[in-house]
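# Topology and contacts: notes
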Amino acid sequence: MEEVRVDDILTQIRDLLDRKNFVSLRHELAEIYPMDLAEIFEELPPDECLVLFRLLHKDQAAEVFSYMEGAARKELASSIRESLLQHILDELYFDDKIDFLEEMPANFVKNLIQNSPQEERARINQFLNYPDNSAGSLMTIEYVDLKKHMTVGQALARIKEIGPDTETIYTCYVLDDTRHLEGIVSLRRLVLSGEDELVSDLMNDDVVLCMAHDDQEEVAEQFKKYDLMAIPVVDGESRLIGIITIDDIVDVIEQENTEDFQKMAAMTPSDEEYLDTGVFKLAKNRIVWLLVLMISATFTGGIITHFEGLLSTAVMLTAFIPMLMDSGGNAGSQSSTMIIRGIALGEISLRDWPKILWKEFRVGLVAGCTLGIVNVGRMFLIGNRDYMVMLTVSLTLMVTVVIAKLVGGILPIVAKALRLDPAIMAGPLITTIVDALSLFVYFTAASLLIL
């Protein structure tokens, strides 16, 4: 449903709320997709959300709740009655339930867990103890398990029996009596096979899997590499303890991309939405890197101070400093962005660093020569006919672009080798480094060619 359509529905709902026409409102809500309702709830104040939520059928309320964002869910959960909240939690898939409980205060979680059956209480506590951003924190325990001695008919009957309570039925997991994973079989394969065929003859025992403590980013890479819809999660003894489905991995990819963008902009990553984050927290997330970059600019100031005598002799050199620094910073940022993206996609590894240096050197040479030649024409047109200054600026520009390309290309690789996130070697940090190098090259060239 398009954004305009959602806005139209929101206007209609507001109108019905203002007129207190709850009968029509209930019918209207029943016709709206749960994901669109969740988006509408994000736009309404808490008191109106509560009124609408109480008009929903219980099952619809549970589905809408699963699509809502963290802050809105937390606000709503603190307002609705406990019996309705318990019903909603019972209807949520297990991984969605864990995600919700991780967002809530400890006392709230404790009360909810106390009202859960003992077996489920133990499983919730186990899941809540998995490290953040690990495979275990993403997985669900709701999947279809089969035995390899089953016939296709028995397997399909099993799927019909437990399928309504599982998150996916398209991939089934074949386990032995001790829950060791022996293989997988797709629903498609079962449906297209004869009823008397055995699961053992249809299953694939070469299974792509992950461990509970694997990083979520590594799991996302496996989904992309093997084109998976779900991946089994096993413990140290290859016992199946859960699965991760593609909808959770899409969220991980979005989260990781957001984190990389924030790091590339020299900010501390945050999971909170921009409009829901306080001014002081936003400032806190940004000010640390701003301080680091400001202090690192001391080197740039030191270089200018060192060549103060040169500047006083040839004042015209000052006019070209911003252009050289900007060109170098932009050139470095281009290279670092390409390399960081290549690392994230698995296209570039640590052993590729000689190829990167050689390629970026050639790219920098072509780009630098082009900029240098254009700069000669630019300076000539604006009336600067001092040929030694023209030569100094253009040569510096060429060298600066080459250096910036090399620095921008190799720093993300260095970060990867040091087990740091390559995204921190981007934008502002590279610009700061290249600024200092470009000034050093500029004043050195000026000392040799002009004085």
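My aim in this report is to walk through the structure given alongside it, one point at a time.

What counts, and at which threshold
Residues numbered from 1 in each chain as written. Predicted model: local features only at pLDDT ≥ 70, side-chain atom pairs only at ≥ 80, totals over all residues. Heavy atoms only, no water. Pairing = 2+ DSSP bridges. Helix = DSSP H or I, 4+ residues; strand = E, 2+ residues; numbered from the N terminus. Contact = heavy atoms within 4.5 Å. Axes fitted to C-alpha atoms, helices over the stretch in contact; angles between N-to-C directions. Salt bridge = Lys/Arg side-chain N within 4 Å of Asp/Glu carboxyl O. Patch = residues over 30% accessible without salt bridge, like charges linked within 9 Å, V, L, I, M, F, W, Y side chains within 5 Å. Areas by Shrake-Rupley, 256 points an atom, 1.4 Å probe, with all protein chains shown as cover. Lys, Arg positive; Asp, Glu negative; His and termini not counted. Charge placed at Lys NZ, Arg CZ, Asp CG, Glu CD. Buried < 20%, exposed > 50% of the residue type's maximum accessible area, 1.4 Å probe, protein only. Core = buried A, V, L, I, M, F, W, Y, C linked by side-chain atoms within 4.5 Å. Arc of directions from axis to C-beta. Polar contact = N/O pair within 3.5 Å; in protein donor to acceptor, adjacent residues only side chain to side chain. Phe/Tyr/Trp six-rings, centres within 6.5 Å; stacked < 30°, edge-to-face > 60°. Parallel < 35°, antiparallel > 145°, perpendicular 65-115°, else oblique. Nonpolar A, V, L, I, M, F, W, Y, C, P; charged D, E, K, R; others polar. Left-handed = near helix turned anticlockwise from the far one by under 90°.

### Observations concerning the sheet that holds strand β4 (residues 210-211)
- Reading across from one edge, β4-β5-β6 is the order of the three strands in this open sheet, with mixed pairing throughout. At either end of the open sheet lies a strand with only one pairing partner, and these are β4 and β6 (240-245).
- Of the strand pairs in this sheet, β4 and strand β5 (residues 230-234) are connected by two bridges, and their pairing is parallel. When the sheet's bridge partners are listed, methionine 211 is paired in β5 with valine 234.
- The strands touched by helix α15 (residues 216-226) within the sheet are β4, β5 and β6, with β5 carrying the most contacts at an inclination of about 135°.

### Quick look at the pattern of salt bridges
- Summed over all chains, the structure comprises nine salt bridges.
- Aspartate 15 is the salt-bridge partner of arginine 19, the closest N and O atoms lying 3.0 Å from each other.
- Among the charged side chains, a salt-bridge network with shared partners connects Asp145, Arg158 and Arg179.

### Looking at the pairing of strand β3 (residues 181-186)
- In this sheet, β3 lies alongside strand β2 (residues 171-175) in antiparallel orientation, the contact comprising five bridges. Bridging from a neighbouring strand, leucine 175 pairs with leucine 181 of β3.
- What sits between β2 and β3 in their antiparallel hairpin is a turn of five residues, with arginine 179 showing a positive phi close to 70°.

### Quick word on a negative patch on the surface
- Together, Asp7, Asp8, Glu42, Glu43, Glu69, Asp247, Asp251 and Glu254 line one region of the surface with negative charge.
- Secondary-structure elements contributing two or more residues to the negative patch are α1 (3-18), α3 (34-43) and α16 (246-264).
- Among the elements that line the negative patch, the one with the most residues is α16, at three residues.
- Counting through the fold element by element, aspartate 251 comes out in helix α16.

### Some details on the pairing of β6
- Here β6 lies mainly inside the structure; six of its six residues are buried.
- The pairing of β5 with β6 spans five bridges and is antiparallel. By the bridge assignment for β6, valine 234 is matched with leucine 240.
- Between the antiparallel neighbours β5 and β6 lie five residues, among them serine 238 with a positive phi of about 65°.

### Some words on the nonpolar core
- If you look at the biggest cluster of nonpolar residues, it comprises 56 residues, and the most contacted ones within it are Ile13, Leu29, Phe53, Phe65 and Ile244.
- The element that contributes the greatest number of residues to this core is α1, accounting for six residues.
- With residues near it in sequence (within four places) discarded, isoleucine 244 still touches Ala135, Leu138, Met139, Cys210, Val219, Phe223, Met229, Ala230, Ile231, Val233 and Ile249.
- Grouped together as the second largest cluster of nonpolar side chains are 27 residues, Phe307, Leu317, Ala331 and Val389 included.

### Details of helix α2 (residues 22-30)
- The complete set of buried residues in α2 reads Leu25, Glu28 and Leu29. Angularly, the buried residues of α2 cover 95° about the axis, an arc narrow enough to put them on a single face. Looking at α2, the residues exposed on the side facing more than 90 degrees away from the buried face are Val23, His27 and Ala30.

### Regarding the side chain of glutamine 60
- In this fold, glutamine 60 is placed in helix α5 (residues 58-67).
- Of note is the side chain of glutamine 60, whose polar atom sits 2.9 Å from the backbone oxygen of leucine 29.
- Among residues more than four places away in sequence, those in contact with glutamine 60 are Leu29, Ala30, Ile32 and Leu37.

### Description of the packing of aromatic side chains
- Scanning the entire structure with this criterion turns up six aromatic pairs.
- Consider the rings of tyrosine 143 and tyrosine 173, whose centres lie 5.9 Å apart with planes at 80°: the pair is edge-to-face. Taken together, the positions of tyrosine 143 in the loop between α11 (135-138) and β1 (145-146) and tyrosine 173 in strand β2 put the pair 30 residues apart, joining distant regions of the chain. The burial state of tyrosine 143 is the same as that of tyrosine 173; both residues are buried.
- An aromatic cluster is present here, built from Phe41, Phe53 and Phe65 joined pairwise through their rings.

### Considerations on the sheet that holds β1
- With mixed pairing, the three strands of this open sheet are ordered in space as β1-β2-β3. Of all the strands in the sheet, just β1 and β3 have a single pairing partner and so form its edges.
- Looking at chain direction, β1 and β2 are connected through two bridges and run parallel. Across the sheet, residue leucine 146 finds its bridge partner in β2, namely valine 174.

### A few points about the packing of α2 against helix α4 (residues 46-55)
- The interhelical angle for the contact between α2 and α4, taken along N-to-C directions, is 75°, at an axis separation of 9 Å. Compared by their axis directions, α2 and α4 come out roughly perpendicular. Residue-level inspection shows Phe22, Leu25, Arg26 and Leu29 of α2 in contact with α4, the latter providing Val51, Leu52 and Leu55.
- Classifying every residue of the contact of α2 with α4 by side-chain character gives six nonpolar, no polar and one charged.

### Description of the packing of helix α20 (residues 321-344) against helix α22 (residues 387-417)
- It is the contact of α20 with α22, at a shortest axis distance of 8 Å, that shows an interaxial angle of 30°. On the basis of their axis angle, the class for α20 and α22 is roughly parallel. With respect to the hand of their crossing, α20 and α22 are arranged in right-handed fashion. The segment α20 lies against α22, with Met323, Leu324, Ser327, Gly328, Ala331, Gly332, Gln334, Ser335, Ser336, Ile339, Ile340 and Ile343 engaging Val393, Thr396, Leu397, Thr400, Val401, Ala404, Lys405, Gly408, Gly409, Pro412, Ile413 and Lys416.

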